Amino acid sequence: MRKLWNSIAFFSHLARRRSSYYSTLRNAPFNPFIKPNKFTSTPFRTMDTLVTKPSQISSRQRKIAEKSQFEEAFESAETTEEMLKAFSDMEVVFNEKELGLASLKIGLKLDREGEDPEKALSFANRALKAFDNDNKPSLPFAMTLQLMGSVNYSLNRFSDSLGFLNRANRVLGRLEDEGVCVDDVRPVLHAVQFELANVKTAMGRREEALENLRKCLEIKEMTFEEDSGELGKGNRDLAEAYVAVLNFTDALPYCLKALEIHVKQLGMNSVEVAHDRKLLGIVYSGLEEHEKALEQNVLAQRILKNWNLNSDLLRAEVDAANMMIALGRYDEAVGTLRNVVNQTEKDSESRALVLVSMAKALCNQEKFADCKRCLEISLGVLDKREQVTPVEVAEAYSEISMLYETMNEFETAISLLKRALGLLEKLPQEQHSEGSVSARIGWLLLLTGKVKQAIPYLESAAERLKDSFGPKHFGVGYIYNNLGAAYLELDRPQSAAQMFAVAKDIMDVSLGPHHADTIEACQNLSKAYGEMGSHALAIEFQQQVIDAWESHGASAEEELKEALRLLEQLKRKARGALSNEVPMKALPLRGAMSNEGPRKAPPLPTNTPATSGVSQPDIPLRQSRTV
């Protein structure tokens with residue numbers, strides 16, 4: 001991910017020039033960002049008749065003059081080498097506390113350049129030691145904490161980074177409470193919020209990262225004009241974050257706002273508008289509005305072609321072909337992809353990914369022999385790229401596995417997913433993708449009757465995705481539903497009922513009680529209680545199933561008939577039960593919604609296979625695969 005100081009031009013002034021908030025430190029022993037008055041001496045004339053004695057300069061005054069010269073040398077330095085040379089000279093006459101601001105400035109510059117994070121960390125540590133003992137919070141202290149967070153993020157020390165950034169956030173909050181000028185606080189606060197979003201995303205805590213990005217946008221809205229390009233970019237960043245957690249509904253208004261701002265500011269033919277339209281196409285695809293998606297993609301292609309951005313254009317054409325496949329326009333998609341293949345180099349990763357999309361179109365046409373040939377060529381290339389671009393290769397393996405699954409070659413599909421998982425496990429920032437792949441492996445093993453093998457993968461998926469998508473994401477419910485089905489298959493109805501109860505609780509919130517998948521979870525819960533012999537509870541949940549299907553009207557006539565049949569079956573079993581049967585209470589969720597709750601799931605759609613109670617995952621590693 002692009003470094004903070006390069007991605008937001010407005011806030012880069014924190015590392016490049018003096019700002020008004022340094023004026024609060026004029027009384028500090030040394031401030032390298034403020035040029036002090038030069039020391040001057042006035043000759044003193046004695047009463048002697050012909051001889052003028054030279055003025056005597058004390059050692060203290062000489063030291064002040066020397067410090068002044070070093071300060072000016074540091075202030076005038078432009079390159080990193082010049083700054084380091086001046087800093088080395090300053091170390092002779094200044095103590096560590098006096099060097100705090102100079103250490104901060106060098107650390108910020110090194111962090112912005114990004115070439116030597118360890119050296120940037122060493123200066124950040126020196127600045128932190130200089131400021132950390134002060135009883136009163138200050139903006140330079142907050143900036144130092146932000147710098148510590150940024151550098152630790154660059155070194156993949158995410159937990160350390162998060163700690164420093166949270167601390168910086170608290171310091172800035174205290175400064176706001178004390179009435180420090182908001183124009184001074186906002187740039188640093190934005191930097192901290194943006195970095196928090198980066199770190200939480202890398203840790204898989206994407207739902208929390210969204211909140212930080214929303215705060216970033218709020219700060220920009222208070223800082224910039226209504227139609228500023230920075231606001232356009234901020235809206236697009238937030239839309240992309242929503243797309244990453246498959247929340248296309250919330251992504252849509254931010255993406256439309258970004259497009260509106262960029263069109264007004266830059267015109268219809270700008271590159272920024274092209275990027276907005278590409279993203280809008282992805283959002284519409286996620287909302288299954290494929291015609292709108294294709295329309296935006298075509299408009300984006302025209303702009304990219306005008307600017308001769310061939311690489312971006314190639315990706316857009318592949319995206320367009322995938323949209324055509326979603327619309328059932330397979331021949332048109334194949335024609336587009338053949339044209340794209342001719343623009344790629346033999347044995348290149350780009351060609352491999354284009355062939356995957358072509359195989360998808362051929363598979364939908366049931367041309368399985370041609371589909372497999374495309375996949376074999378693609379796999380031959382991808383195998384050599386695992387160490388170079390592991391995320392893209394893992395994504396491609398996952399997509400290829402779905403095609404083999406469609407052709408009922410489940411062992412090949414599982415094998416490819418395990419290869420993808422092996423790559424993703426080495427990348428902590430891909431925790432959400434790791435969880436998605438684990439969930440799909442678990443589902444395929446469950447589908448093929450390997451229930452005991454499926455459970456560890458489903459449990460692992462739950463842990464990985466718990467923070468990534470949030471405890472109430474609809475996909476979480478699908479994994480709990482699959483775990484319930486697995487426990488029921490192993491004749492563990494009590495554990496199954498607990499999982500189904502969690503699934504229903506999540507889906508009630510995320511999908512609504514009348515959604516087909518929520519009703520399925522409720523049906524599964526009724527079945528689990530029936531298996532346990534708790535007929536009263538089974539009947540209660542079965543009645544909820546009936547009420548939910550009735551709300552669908554004539555479109556759910558067959559489902560309602562089946563639900564009524566199962567209710568009568570439960571009633572007959574209840575009448576035949578022993579009269580002294582002890583009624584059971586509904587099982588507790590066993591802390592399911594807490595941080596230590598049971599299993600979790602990724603976002604999964606409603607495609608349900610023949611296996612009873614099992615929800616099929618369909619979790620792309622990226623919503624829109626690019627070449």
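Residues numbered from 1 in each chain as written. Predicted model: local features only at pLDDT ≥ 70, side-chain atom pairs only at ≥ 80, totals over all residues. Heavy atoms only, no water.

Our focus in this paragraph is the overall build of the chain. The number of helices and strands found in the chain is 27 helices and zero strands. Taken over 627 residues, the chain has a buried fraction of 53%. In the chain, once contacts between residues fewer than 6 apart in sequence are set aside, the share between residues at least 24 apart is 66%. (Helix = DSSP H or I, 4+ residues; strand = E, 2+ residues; numbered from the N terminus. Buried < 20%, exposed > 50% of the residue type's maximum accessible area, 1.4 Å probe, protein only. Contact = heavy atoms within 4.5 Å.)

Here helix H14 (residues 290–306) spans 25 Å end to end across 17 residues, near enough to the 24 Å set by a 1.5 Å rise per residue. For H14, the complete set of buried residues consists of His-290, Ala-293, Leu-294, Gln-296, Asn-297, Ala-300, Gln-301, Ile-303 and Leu-304. Elements that come into contact with the buried residues of H14 comprise helix H13 (271–286) and helix H15 (310–326). (Expected span 1.5 Å × (residues − 1).)

Inspection of the secondary structure assignment puts Glu-195 in helix H9 (residues 182–202). Each C-alpha atom of the pair Glu-195 and Leu-162 lies 8.8 Å from the other, and the pair is 33 residues apart in sequence. One polar contact links Glu-195 to Ser-150, side chain to side chain, over a distance of 3.5 Å. (Polar contact = N/O pair within 3.5 Å; in protein donor to acceptor, adjacent residues only side chain to side chain.)

Okay, the nonpolar core next. Core analysis: the biggest nonpolar cluster contains 131 residues, and Leu-375, Leu-382, Tyr-397, Ile-400, Tyr-404 and Tyr-529 have the highest contact counts within it. Per-element tally for this core: the top contributor is helix H17 (residues 349–364), with ten residues. (Core = buried A, V, L, I, M, F, W, Y, C linked by side-chain atoms within 4.5 Å.)

One non-glycine residue, Glu-366, lies in positive phi territory at about 60°. Looking at where Glu-366 falls in the secondary structure, it is placed in the loop between H17 and helix H18 (368–382). Although it is not a glycine, Asn-408 sits at a positive phi angle of roughly 65°. Mapped onto the elements, Asn-408 comes out in the loop between helix H19 (390–406) and helix H20 (410–424).

Here we take up the pattern of salt bridges. Counted under the stated rule, the structure contains 32 salt bridges. The closest approach of N and O atoms between Glu-113 and Lys-109, which form a salt bridge, is 3.8 Å. Of this pair, Glu-113 and Lys-109 both sit in helix H5 (residues 100–113), separated by four residues, roughly a single helical turn. On the accessibility criterion, Glu-113 (36% relative accessible area) is partly exposed. The exposure class of Lys-109 is buried, given its relative accessible area of 12%. Of the charged contacts in the structure, one is a salt bridge between Glu-272 and Arg-236, with a shortest N-O distance of 2.7 Å. With Glu-272 in helix H13 and Arg-236 in helix H11 (residues 229–244), this residue pair connects regions lying 36 residues apart in the sequence. Residue classification places Glu-272 among the partly exposed positions, given a relative accessible area of 29%. Each of Glu-91, Glu-96 and Arg-126 takes part in salt bridges that share partners, so that together they form one network. (Salt bridge = Lys/Arg side-chain N within 4 Å of Asp/Glu carboxyl O.)

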